[in-house]
Amino acid sequence: MNQIHSSTIIKLLVCFGLPIAVLFLPIDSIPIDDLTLIQHRLLAIFLLAALLWVLEPVPVFATSILIIALELIMISDKGLHLFRKPPAGHDLGELIAYTDIFSAFSSPIIILFMGGFALAISASKYELDNNLARVLLKPFGNQPKFIMLGLMLITAVFSMFMSNTATTVMMLALLGPIVASAPKGDMGIKALVLCIPIAANTGGIATPIGTPPNAIALQYLTGENSIDFLSWMMMGLPFVIVQLTIAWFLLQKLFPSQQEKMVLKLNGKFQKNWRAIVVYATFAITILMWMTTKLHGMNTYVVSIIPLAVFTLTGIMGKEELKQINWDVLWLVAGGIAIGIALDKTGLAVALAHAIDYESLSPTAVIITMSIVCWLMANFMSNTATANLLMPIAAAIGVSMQTLDMQNLLVVVAFSASLGMILPVSTPPNSLAYSTGLIESKDMAKTGLIIGVLGLMIVFTASWLLT
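Bear in mind that the values here come from a model prediction, so they are computed numbers and not experimental data.

Scoring rules and cut-offs
Residues numbered from 1 in each chain as written. Predicted model: local features only at pLDDT ≥ 70, side-chain atom pairs only at ≥ 80, totals over all residues. Heavy atoms only, no water. Helix = DSSP H or I, 4+ residues; strand = E, 2+ residues; numbered from the N terminus. Contact = heavy atoms within 4.5 Å. Areas by Shrake-Rupley, 256 points an atom, 1.4 Å probe, with all protein chains shown as cover. Axes fitted to C-alpha atoms, helices over the stretch in contact; angles between N-to-C directions. Parallel < 35°, antiparallel > 145°, perpendicular 65-115°, else oblique. Left-handed = near helix turned anticlockwise from the far one by under 90°. Nonpolar A, V, L, I, M, F, W, Y, C, P; charged D, E, K, R; others polar. Buried < 20%, exposed > 50% of the residue type's maximum accessible area, 1.4 Å probe, protein only. Expected span 1.5 Å × (residues − 1). Phe/Tyr/Trp six-rings, centres within 6.5 Å; stacked < 30°, edge-to-face > 60°.

Q: Please explain the overall build of the protein chain as it appears in this structure.
A: Helices and strands together make up the secondary structure of the protein chain, namely 23 helices and 0 strands. Across the protein chain, contacts joining residues at least 24 apart in sequence account for 77% of those joining residues at least 6 apart. Per element, the accessible surface of the protein chain, about 20600 Å² overall, is 67% carbon and sulfur.

Q: Help me understand the packing of helix α19 (residues 363-380) against helix α21 (residues 406-418) in this model?
A: Packed helix pairs are specified by the crossing angle of their axes together with the interaxial distance, meaning the distance between the axes. Close contact between α19 and α21 brings their axes to 8 Å; oriented N to C, the two are set at 25 degrees. In terms of orientation, α19 and α21 fall into the roughly parallel class. Crossing geometry of α19 relative to α21 is assigned as right-handed. Contacts between α19 and α21 involve I367, M370, S371, C374, W375 and A378 from the former and N408, L409, V412, V413, S416 and A417 from the latter. Classifying every residue of the contact of α19 with α21 by side-chain character gives 9 nonpolar, 3 polar and no charged.

Q: Sorry, what's going on with the environment of F283 here?
A: Summarising the element assignment, F283 is placed in helix α13 (residues 274-291). The buried category is assigned to F283, whose relative accessible area is 12%. Separated by 122 residues in the primary sequence, F283 and F161 place their C-alpha atoms 9.6 Å from one another.

Q: I'm lost on α19 in this one. Help?
A: For the α-helix, the turn length of 3.6 residues means that residues three or four positions removed from each other point alike. Between its first and last C-alpha atoms α19 spans 27 Å; for 18 residues at 1.5 Å apiece the expected length is 26 Å, and the two agree. If you check which residues of α19 are buried, you get P363, V366, I367, M370, S371, C374, W375, A378 and N379.

Q: What exactly am I supposed to notice about helix α11 (residues 212-220) here?
A: Burial runs high along α11: 8 of the 9 residues are buried. Within α11, burial applies to P212, P213, N214, A215, I216, A217, L218 and Y220. Summarising the contacts, the buried residues of α11 are in contact with α6 (108-125), α12 (229-254), α15 (300-313), α17 (327-346), α20 (383-400) and α21.

Q: Help me understand the environment of S304, please; the structure alone is not making it clear to me.
A: Residue placement: S304 occurs in helix α15. Residues S304 and I287, 17 residues apart in the sequence, show an inter-C-alpha distance of 9.5 Å.

Q: Would you mind going over the side chain of T63 with me for this structure?
A: Mapped onto the fold, T63 is located in helix α3 (residues 60-74). By relative accessible area, T63 is classed as buried at 0%.

Q: Is there a simple way to explain the packing of aromatic side chains in this structure?
A: The relative placement of two aromatic rings is captured by the distance of their centres and the angle of their planes. Per the counting criterion, the structure on display carries 8 aromatic pairs. Between F229 and W290 the ring centres are 6.2 Å apart and the planes differ by 5 degrees, which places this aromatic pair in the stacked class. With F229 in helix α12 and W290 in helix α13, the pair connects residues that are 61 residues apart, well separated along the chain. Through a chain of ring-to-ring contacts, the aromatic side chains of F146, W248 and F249 assemble into a single cluster.

Q: Mind showing me how you'd approach the packing of α11 against α21 here?
A: Packing of α11 against α21 brings their axes to within 9 Å, and their N-to-C directions diverge by 160 degrees. Classified by the interaxial angle, the pair formed by α11 and α21 is roughly antiparallel. Judged by the twist between their axes, the crossing of α11 over α21 is right-handed. Residues P213, N214, A217 and Y220 of α11 pack against M406, L410, A414, A417 and S418 of α21.

Everything listed here is a matter of geometry and, on its own, says nothing about what the molecule does.
Spelled out as C-alpha coordinates, the structure:
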(Lines give C-alpha, C1' and ligand atoms only; values in the text may rest on other atoms or scores of the structure.)
Protein backbone atom coordinates (compact mmCIF):
# COMPACT_ATOMS: atom_id res chain seq x y z
CA MET A 1 0.00 0.00 0.00
CA ASN A 2 2.89 2.36 0.84
CA GLN A 3 4.43 1.78 -2.61
CA ILE A 4 1.12 2.52 -4.35
CA HIS A 5 0.66 5.63 -2.22
CA SER A 6 4.20 6.85 -2.93
CA SER A 7 3.78 6.22 -6.65
CA THR A 8 0.59 8.26 -6.70
CA ILE A 9 2.31 11.15 -4.88
CA ILE A 10 5.22 11.09 -7.37
CA LYS A 11 2.78 11.15 -10.31
CA LEU A 12 0.88 14.06 -8.80
CA LEU A 13 4.12 16.00 -8.23
CA VAL A 14 5.12 15.44 -11.87
CA CYS A 15 1.65 16.28 -13.18
CA PHE A 16 1.34 19.53 -11.26
CA GLY A 17 5.05 20.44 -11.21
CA LEU A 18 5.56 20.75 -14.96
CA PRO A 19 2.45 22.88 -15.68
CA ILE A 20 3.33 25.18 -12.75
CA ALA A 21 6.85 25.51 -14.19
CA VAL A 22 5.35 26.42 -17.58
CA LEU A 23 2.99 28.90 -15.91
CA PHE A 24 5.91 30.75 -14.31
CA LEU A 25 8.12 30.65 -17.39
CA PRO A 26 8.50 34.03 -19.10
CA ILE A 27 6.17 34.14 -22.11
CA ASP A 28 9.06 35.13 -24.36
CA SER A 29 10.85 31.85 -23.60
CA ILE A 30 7.97 29.78 -25.06
CA PRO A 31 8.51 29.14 -28.80
CA ILE A 32 5.07 30.43 -29.86
CA ASP A 33 4.79 33.92 -31.30
CA ASP A 34 2.66 36.62 -29.64
CA LEU A 35 1.34 34.47 -26.80
CA THR A 36 -1.14 36.28 -24.52
CA LEU A 37 -1.41 35.71 -20.76
CA ILE A 38 -4.70 33.87 -21.22
CA GLN A 39 -3.11 31.56 -23.80
CA HIS A 40 -0.11 31.07 -21.50
CA ARG A 41 -2.37 29.94 -18.65
CA LEU A 42 -4.39 27.68 -20.95
CA LEU A 43 -1.17 26.07 -22.20
CA ALA A 44 -0.34 25.14 -18.59
CA ILE A 45 -3.88 23.76 -18.07
CA PHE A 46 -3.59 21.79 -21.31
CA LEU A 47 -0.26 20.27 -20.21
CA LEU A 48 -1.76 19.41 -16.81
CA ALA A 49 -4.69 17.65 -18.48
CA ALA A 50 -2.35 15.65 -20.72
CA LEU A 51 -0.17 14.50 -17.81
CA LEU A 52 -3.11 13.62 -15.56
CA TRP A 53 -4.84 11.67 -18.34
CA VAL A 54 -1.66 9.77 -19.24
CA LEU A 55 -0.35 8.99 -15.73
CA GLU A 56 -3.82 8.72 -14.10
CA PRO A 57 -2.88 9.55 -10.49
CA VAL A 58 -6.56 10.51 -10.16
CA PRO A 59 -9.59 9.18 -12.08
CA VAL A 60 -9.92 10.56 -15.61
CA PHE A 61 -13.30 12.14 -14.87
CA ALA A 62 -11.78 13.99 -11.89
CA THR A 63 -9.21 15.46 -14.27
CA SER A 64 -12.00 16.76 -16.51
CA ILE A 65 -13.78 18.42 -13.58
CA LEU A 66 -10.49 20.00 -12.47
CA ILE A 67 -9.88 21.34 -15.98
CA ILE A 68 -13.33 22.96 -16.10
CA ALA A 69 -12.75 24.48 -12.65
CA LEU A 70 -9.32 25.88 -13.57
CA GLU A 71 -10.65 27.38 -16.79
CA LEU A 72 -13.48 29.08 -14.90
CA ILE A 73 -11.12 30.48 -12.25
CA MET A 74 -8.13 31.46 -14.42
CA ILE A 75 -9.37 32.40 -17.90
CA SER A 76 -13.11 33.21 -17.67
CA ASP A 77 -14.78 36.62 -17.38
CA LYS A 78 -16.09 35.62 -13.93
CA GLY A 79 -12.84 34.24 -12.56
CA LEU A 80 -10.69 35.64 -9.77
CA HIS A 81 -9.98 39.38 -9.98
CA LEU A 82 -6.29 38.52 -9.72
CA PHE A 83 -6.44 36.68 -13.05
CA ARG A 84 -8.53 39.32 -14.81
CA LYS A 85 -6.00 42.15 -14.35
CA PRO A 86 -2.87 41.98 -16.55
CA PRO A 87 0.53 42.97 -15.15
CA ALA A 88 2.03 46.11 -16.67
CA GLY A 89 3.44 45.55 -20.13
CA HIS A 90 1.63 42.28 -20.78
CA ASP A 91 -1.22 41.49 -23.15
CA LEU A 92 -3.96 39.72 -21.18
CA GLY A 93 -5.89 38.55 -24.23
CA GLU A 94 -9.62 37.91 -24.40
CA LEU A 95 -11.30 36.30 -21.40
CA ILE A 96 -13.78 33.50 -22.15
CA ALA A 97 -17.43 33.91 -21.16
CA TYR A 98 -17.99 31.60 -18.19
CA THR A 99 -21.23 30.39 -19.82
CA ASP A 100 -19.21 29.08 -22.78
CA ILE A 101 -17.16 26.89 -20.46
CA PHE A 102 -20.22 25.63 -18.59
CA SER A 103 -21.85 24.82 -21.94
CA ALA A 104 -19.43 21.90 -22.30
CA PHE A 105 -21.73 19.70 -20.23
CA SER A 106 -24.80 20.67 -22.26
CA SER A 107 -23.07 19.97 -25.55
CA PRO A 108 -25.03 17.93 -28.14
CA ILE A 109 -22.23 15.34 -27.86
CA ILE A 110 -23.24 14.69 -24.24
CA ILE A 111 -26.88 14.15 -25.27
CA LEU A 112 -25.69 11.78 -27.99
CA PHE A 113 -23.98 9.61 -25.39
CA MET A 114 -26.91 9.79 -22.98
CA GLY A 115 -29.20 8.50 -25.73
CA GLY A 116 -26.79 5.64 -26.38
CA PHE A 117 -26.61 4.82 -22.67
CA ALA A 118 -30.42 4.85 -22.45
CA LEU A 119 -30.65 2.31 -25.27
CA ALA A 120 -27.99 0.09 -23.67
CA ILE A 121 -29.55 0.19 -20.19
CA SER A 122 -33.07 -0.52 -21.42
CA ALA A 123 -31.93 -3.29 -23.77
CA SER A 124 -30.10 -4.94 -20.87
CA LYS A 125 -33.05 -4.54 -18.49
CA TYR A 126 -35.40 -6.39 -20.84
CA GLU A 127 -32.71 -8.85 -22.02
CA LEU A 128 -32.90 -7.69 -25.63
CA ASP A 129 -29.12 -7.73 -25.90
CA ASN A 130 -28.55 -11.24 -24.51
CA ASN A 131 -31.48 -12.83 -26.31
CA LEU A 132 -30.67 -11.20 -29.60
CA ALA A 133 -27.00 -12.20 -29.33
CA ARG A 134 -27.93 -15.81 -28.53
CA VAL A 135 -30.36 -16.01 -31.43
CA LEU A 136 -27.84 -14.45 -33.82
CA LEU A 137 -25.05 -16.85 -32.74
CA LYS A 138 -26.99 -20.05 -33.54
CA PRO A 139 -26.51 -19.86 -37.34
CA PHE A 140 -22.73 -19.93 -36.99
CA GLY A 141 -22.67 -23.64 -36.13
CA ASN A 142 -20.29 -25.38 -33.73
CA GLN A 143 -16.83 -25.01 -35.27
CA PRO A 144 -14.60 -22.79 -33.09
CA LYS A 145 -13.53 -20.54 -35.98
CA PHE A 146 -17.12 -19.86 -37.02
CA ILE A 147 -18.25 -19.34 -33.42
CA MET A 148 -15.45 -16.73 -33.16
CA LEU A 149 -16.64 -15.14 -36.40
CA GLY A 150 -20.17 -14.96 -34.99
CA LEU A 151 -18.95 -13.40 -31.75
CA MET A 152 -16.95 -10.81 -33.67
CA LEU A 153 -19.75 -9.85 -36.04
CA ILE A 154 -22.37 -9.56 -33.28
CA THR A 155 -20.00 -7.59 -31.03
CA ALA A 156 -19.04 -5.25 -33.87
CA VAL A 157 -22.66 -4.60 -34.86
CA PHE A 158 -23.72 -3.87 -31.27
CA SER A 159 -20.68 -1.60 -30.80
CA MET A 160 -21.74 0.48 -33.78
CA PHE A 161 -24.83 1.69 -31.93
CA MET A 162 -24.17 1.29 -28.21
CA SER A 163 -21.34 1.51 -25.69
CA ASN A 164 -18.51 -0.86 -26.56
CA THR A 165 -18.07 -1.40 -22.81
CA ALA A 166 -21.69 -2.54 -22.40
CA THR A 167 -21.36 -4.70 -25.51
CA THR A 168 -18.22 -6.34 -24.14
CA VAL A 169 -19.89 -7.10 -20.80
CA MET A 170 -22.80 -8.72 -22.65
CA MET A 171 -20.64 -10.78 -25.01
CA LEU A 172 -18.21 -11.93 -22.31
CA ALA A 173 -21.23 -13.16 -20.32
CA LEU A 174 -22.25 -15.10 -23.43
CA LEU A 175 -18.79 -16.71 -23.44
CA GLY A 176 -19.53 -18.56 -20.17
CA PRO A 177 -21.16 -21.68 -21.67
CA ILE A 178 -18.67 -21.66 -24.56
CA VAL A 179 -15.64 -21.66 -22.26
CA ALA A 180 -17.25 -24.34 -20.08
CA SER A 181 -17.57 -26.66 -23.05
CA ALA A 182 -13.89 -26.36 -24.05
CA PRO A 183 -11.10 -28.57 -22.67
CA LYS A 184 -8.77 -26.94 -20.16
CA GLY A 185 -5.71 -25.33 -21.73
CA ASP A 186 -7.24 -24.98 -25.19
CA MET A 187 -5.46 -22.07 -26.93
CA GLY A 188 -8.64 -21.42 -28.90
CA ILE A 189 -10.26 -19.99 -25.77
CA LYS A 190 -7.76 -17.10 -25.86
CA ALA A 191 -8.84 -16.36 -29.41
CA LEU A 192 -12.53 -16.34 -28.38
CA VAL A 193 -11.84 -13.99 -25.45
CA LEU A 194 -9.59 -11.64 -27.45
CA CYS A 195 -11.92 -11.44 -30.43
CA ILE A 196 -14.55 -9.63 -28.33
CA PRO A 197 -12.55 -6.53 -27.28
CA ILE A 198 -10.97 -6.35 -30.74
CA ALA A 199 -14.41 -6.39 -32.38
CA ALA A 200 -15.81 -3.95 -29.79
CA ASN A 201 -12.95 -1.47 -30.27
CA THR A 202 -13.05 -1.81 -34.06
CA GLY A 203 -16.82 -1.97 -34.56
CA GLY A 204 -17.39 1.45 -33.06
CA ILE A 205 -15.37 3.02 -35.89
CA ALA A 206 -18.23 2.31 -38.32
CA THR A 207 -20.67 4.91 -36.93
CA PRO A 208 -20.41 8.44 -35.50
CA ILE A 209 -21.87 7.27 -32.18
CA GLY A 210 -19.96 4.00 -31.95
CA THR A 211 -17.00 5.41 -30.04
CA PRO A 212 -16.20 8.78 -28.35
CA PRO A 213 -13.36 9.80 -30.74
CA ASN A 214 -15.82 9.70 -33.65
CA ALA A 215 -18.27 11.94 -31.82
CA ILE A 216 -15.47 14.31 -30.83
CA ALA A 217 -14.38 14.55 -34.48
CA LEU A 218 -17.95 15.49 -35.42
CA GLN A 219 -17.72 18.42 -33.00
CA TYR A 220 -15.19 20.02 -35.37
CA LEU A 221 -16.63 18.81 -38.67
CA THR A 222 -19.15 21.55 -39.35
CA GLY A 223 -20.29 23.56 -42.35
CA GLU A 224 -18.87 22.32 -45.62
CA ASN A 225 -16.84 19.67 -43.75
CA SER A 226 -19.82 18.13 -41.94
CA ILE A 227 -20.50 14.40 -42.23
CA ASP A 228 -23.91 12.81 -41.73
CA PHE A 229 -24.50 9.39 -40.19
CA LEU A 230 -24.75 7.44 -43.44
CA SER A 231 -21.72 9.14 -45.04
CA TRP A 232 -19.59 8.23 -42.02
CA MET A 233 -20.77 4.61 -42.27
CA MET A 234 -19.78 4.50 -45.95
CA MET A 235 -16.21 5.27 -44.84
CA GLY A 236 -16.12 3.38 -41.56
CA LEU A 237 -17.97 0.16 -42.39
CA PRO A 238 -15.61 -1.07 -45.17
CA PHE A 239 -12.64 -0.38 -42.89
CA VAL A 240 -14.27 -2.34 -40.04
CA ILE A 241 -15.01 -5.29 -42.35
CA VAL A 242 -11.39 -5.42 -43.54
CA GLN A 243 -10.03 -5.10 -39.98
CA LEU A 244 -12.31 -7.82 -38.62
CA THR A 245 -11.32 -10.16 -41.45
CA ILE A 246 -7.63 -9.61 -40.68
CA ALA A 247 -8.24 -10.10 -36.94
CA TRP A 248 -10.23 -13.30 -37.54
CA PHE A 249 -7.43 -14.93 -39.54
CA LEU A 250 -4.74 -13.59 -37.19
CA LEU A 251 -6.40 -15.00 -34.05
CA GLN A 252 -6.78 -18.41 -35.68
CA LYS A 253 -3.09 -18.36 -36.53
CA LEU A 254 -1.83 -17.14 -33.13
CA PHE A 255 -4.22 -19.18 -30.96
CA PRO A 256 -5.34 -22.33 -32.83
CA SER A 257 -8.12 -24.35 -31.23
CA GLN A 258 -7.48 -27.95 -30.17
CA GLN A 259 -11.01 -29.10 -30.94
CA GLU A 260 -12.99 -29.32 -34.14
CA LYS A 261 -16.45 -28.79 -32.60
CA MET A 262 -17.94 -27.01 -29.59
CA VAL A 263 -21.33 -27.95 -28.18
CA LEU A 264 -23.08 -24.72 -27.13
CA LYS A 265 -26.10 -24.28 -24.90
CA LEU A 266 -27.77 -21.19 -26.27
CA ASN A 267 -31.35 -20.73 -25.11
CA GLY A 268 -32.95 -17.34 -25.60
CA LYS A 269 -36.53 -16.19 -25.14
CA PHE A 270 -37.71 -12.67 -25.94
CA GLN A 271 -39.99 -10.99 -23.43
CA LYS A 272 -43.45 -10.09 -24.78
CA ASN A 273 -44.81 -7.61 -22.21
CA TRP A 274 -45.66 -4.13 -23.45
CA ARG A 275 -42.58 -2.45 -21.97
CA ALA A 276 -40.25 -4.93 -23.68
CA ILE A 277 -42.04 -4.31 -26.99
CA VAL A 278 -41.58 -0.54 -26.49
CA VAL A 279 -37.84 -1.13 -25.96
CA TYR A 280 -37.59 -3.27 -29.10
CA ALA A 281 -39.48 -0.73 -31.21
CA THR A 282 -37.60 2.30 -29.82
CA PHE A 283 -34.24 0.59 -30.33
CA ALA A 284 -35.05 -0.19 -33.96
CA ILE A 285 -36.61 3.21 -34.73
CA THR A 286 -33.73 5.15 -33.15
CA ILE A 287 -31.11 3.28 -35.16
CA LEU A 288 -33.18 3.72 -38.34
CA MET A 289 -33.53 7.47 -37.68
CA TRP A 290 -29.80 7.80 -37.01
CA MET A 291 -29.20 6.29 -40.44
CA THR A 292 -31.74 8.46 -42.29
CA THR A 293 -31.13 11.97 -40.94
CA LYS A 294 -31.36 13.50 -44.43
CA LEU A 295 -34.85 12.10 -44.94
CA HIS A 296 -36.54 13.42 -41.78
CA GLY A 297 -34.37 16.49 -41.14
CA MET A 298 -33.39 15.80 -37.52
CA ASN A 299 -29.67 15.43 -36.88
CA THR A 300 -28.01 12.67 -34.86
CA TYR A 301 -28.09 14.68 -31.63
CA VAL A 302 -31.80 15.50 -31.80
CA VAL A 303 -32.67 11.85 -32.48
CA SER A 304 -30.63 10.84 -29.42
CA ILE A 305 -33.07 12.54 -27.03
CA ILE A 306 -36.00 10.42 -28.29
CA PRO A 307 -35.12 7.14 -26.49
CA LEU A 308 -34.49 9.09 -23.27
CA ALA A 309 -37.93 10.72 -23.53
CA VAL A 310 -39.73 7.47 -24.41
CA PHE A 311 -38.08 5.34 -21.75
CA THR A 312 -38.51 7.82 -18.89
CA LEU A 313 -42.12 8.62 -19.85
CA THR A 314 -43.12 4.93 -19.93
CA GLY A 315 -41.28 4.05 -16.71
CA ILE A 316 -38.84 1.78 -18.52
CA MET A 317 -36.08 3.98 -17.09
CA GLY A 318 -36.67 5.16 -13.54
CA LYS A 319 -34.37 6.68 -10.92
CA GLU A 320 -32.35 3.48 -10.54
CA GLU A 321 -31.77 3.16 -14.28
CA LEU A 322 -30.73 6.81 -14.56
CA LYS A 323 -28.08 6.12 -11.92
CA GLN A 324 -26.62 3.46 -14.24
CA ILE A 325 -25.69 6.04 -16.87
CA ASN A 326 -21.90 6.28 -17.14
CA TRP A 327 -21.60 9.77 -15.69
CA ASP A 328 -17.84 9.42 -15.41
CA VAL A 329 -17.63 9.05 -19.20
CA LEU A 330 -19.87 12.09 -19.66
CA TRP A 331 -17.65 14.16 -17.36
CA LEU A 332 -14.56 12.96 -19.22
CA VAL A 333 -16.06 14.02 -22.55
CA ALA A 334 -17.24 17.34 -21.06
CA GLY A 335 -13.70 18.11 -19.89
CA GLY A 336 -12.39 17.49 -23.38
CA ILE A 337 -15.08 19.70 -24.90
CA ALA A 338 -14.18 22.45 -22.38
CA ILE A 339 -10.54 22.27 -23.49
CA GLY A 340 -11.67 22.44 -27.10
CA ILE A 341 -13.83 25.49 -26.41
CA ALA A 342 -10.97 27.25 -24.60
CA LEU A 343 -8.40 26.41 -27.29
CA ASP A 344 -10.75 27.81 -29.92
CA LYS A 345 -11.96 30.92 -28.06
CA THR A 346 -8.49 32.00 -26.89
CA GLY A 347 -6.85 31.30 -30.25
CA LEU A 348 -4.31 28.94 -28.65
CA ALA A 349 -5.23 26.06 -30.99
CA VAL A 350 -4.37 28.23 -33.99
CA ALA A 351 -1.18 29.44 -32.27
CA LEU A 352 -0.09 25.85 -31.61
CA ALA A 353 -0.93 24.89 -35.17
CA HIS A 354 1.24 27.70 -36.51
CA ALA A 355 4.13 26.95 -34.12
CA ILE A 356 5.26 24.34 -36.67
CA ASP A 357 5.60 25.16 -40.36
CA TYR A 358 3.08 22.60 -41.59
CA GLU A 359 3.04 24.27 -44.99
CA SER A 360 6.52 22.86 -45.55
CA LEU A 361 5.12 19.34 -45.12
CA SER A 362 2.97 17.53 -47.63
CA PRO A 363 -0.69 16.89 -46.63
CA THR A 364 0.07 13.17 -46.51
CA ALA A 365 3.00 13.72 -44.12
CA VAL A 366 0.80 15.80 -41.79
CA ILE A 367 -1.93 13.16 -41.76
CA ILE A 368 0.51 10.31 -41.11
CA THR A 369 2.28 12.21 -38.31
CA MET A 370 -0.96 13.12 -36.53
CA SER A 371 -2.26 9.57 -36.95
CA ILE A 372 0.84 7.89 -35.48
CA VAL A 373 0.96 10.32 -32.54
CA CYS A 374 -2.73 9.68 -31.86
CA TRP A 375 -2.32 5.89 -32.02
CA LEU A 376 0.70 5.88 -29.71
CA MET A 377 -1.10 8.04 -27.14
CA ALA A 378 -4.30 5.97 -27.35
CA ASN A 379 -2.38 2.82 -26.38
CA PHE A 380 -1.32 4.35 -23.07
CA MET A 381 -4.32 6.50 -22.20
CA SER A 382 -8.04 6.69 -22.91
CA ASN A 383 -8.76 7.02 -26.63
CA THR A 384 -11.40 9.58 -25.64
CA ALA A 385 -8.83 11.63 -23.75
CA THR A 386 -6.42 11.29 -26.69
CA ALA A 387 -9.05 12.57 -29.11
CA ASN A 388 -9.92 15.36 -26.67
CA LEU A 389 -6.31 16.54 -26.70
CA LEU A 390 -5.46 16.13 -30.38
CA MET A 391 -8.69 16.88 -32.24
CA PRO A 392 -8.67 20.66 -31.56
CA ILE A 393 -5.07 20.86 -32.77
CA ALA A 394 -5.85 18.74 -35.84
CA ALA A 395 -8.84 20.97 -36.61
CA ALA A 396 -6.68 24.09 -36.34
CA ILE A 397 -4.08 22.54 -38.67
CA GLY A 398 -6.84 21.65 -41.11
CA VAL A 399 -8.04 25.26 -41.15
CA SER A 400 -4.52 26.71 -41.53
CA MET A 401 -3.44 24.45 -44.43
CA GLN A 402 -5.32 25.19 -47.63
CA THR A 403 -3.95 22.07 -49.33
CA LEU A 404 -5.14 19.73 -46.55
CA ASP A 405 -8.56 18.09 -46.52
CA MET A 406 -9.77 18.79 -42.96
CA GLN A 407 -12.47 16.11 -43.15
CA ASN A 408 -9.88 13.54 -44.20
CA LEU A 409 -7.49 14.54 -41.39
CA LEU A 410 -10.04 14.42 -38.58
CA VAL A 411 -11.53 11.12 -39.72
CA VAL A 412 -8.04 9.57 -39.84
CA VAL A 413 -7.26 10.85 -36.32
CA ALA A 414 -10.57 9.44 -35.04
CA PHE A 415 -9.91 6.04 -36.63
CA SER A 416 -6.35 5.99 -35.25
CA ALA A 417 -7.57 6.67 -31.70
CA SER A 418 -9.77 3.54 -31.82
CA LEU A 419 -6.88 1.37 -33.03
CA GLY A 420 -4.95 1.82 -29.76
CA MET A 421 -5.57 -1.53 -28.04
CA ILE A 422 -2.19 -2.98 -27.05
CA LEU A 423 -2.56 -2.93 -23.25
CA PRO A 424 -5.28 -4.06 -20.82
CA VAL A 425 -5.63 -0.41 -19.78
CA SER A 426 -5.85 0.88 -23.36
CA THR A 427 -9.64 0.53 -23.53
CA PRO A 428 -12.47 -0.62 -21.21
CA PRO A 429 -13.18 -3.68 -23.44
CA ASN A 430 -9.52 -4.69 -23.10
CA SER A 431 -9.71 -4.35 -19.32
CA LEU A 432 -12.89 -6.43 -19.17
CA ALA A 433 -11.42 -9.20 -21.32
CA TYR A 434 -8.22 -9.25 -19.24
CA SER A 435 -10.27 -9.47 -16.04
CA THR A 436 -11.59 -12.90 -17.11
CA GLY A 437 -8.18 -14.38 -16.28
CA LEU A 438 -8.27 -16.39 -19.53
CA ILE A 439 -5.66 -14.29 -21.32
CA GLU A 440 -2.31 -12.70 -20.45
CA SER A 441 -1.19 -9.15 -21.16
CA LYS A 442 1.39 -10.42 -23.65
CA ASP A 443 -1.39 -12.08 -25.65
CA MET A 444 -3.20 -8.76 -25.86
CA ALA A 445 -0.01 -6.85 -26.68
CA LYS A 446 0.90 -9.20 -29.52
CA THR A 447 -2.49 -9.10 -31.22
CA GLY A 448 -3.11 -5.41 -30.48
CA LEU A 449 0.23 -4.36 -31.98
CA ILE A 450 -0.24 -6.32 -35.20
CA ILE A 451 -3.85 -5.25 -35.70
CA GLY A 452 -3.04 -1.63 -34.82
CA VAL A 453 -0.11 -1.35 -37.24
CA LEU A 454 -2.01 -3.05 -40.06
CA GLY A 455 -5.01 -0.79 -39.36
CA LEU A 456 -2.82 2.33 -39.58
CA MET A 457 -1.41 1.13 -42.90
CA ILE A 458 -4.94 0.67 -44.27
CA VAL A 459 -5.95 4.13 -43.00
CA PHE A 460 -2.86 5.74 -44.58
CA THR A 461 -3.49 4.00 -47.89
CA ALA A 462 -7.16 5.03 -47.99
CA SER A 463 -6.25 8.58 -47.00
CA TRP A 464 -3.60 8.79 -49.72
CA LEU A 465 -6.02 7.50 -52.36
CA LEU A 466 -8.65 10.07 -51.33
CA THR A 467 -6.21 13.01 -51.19
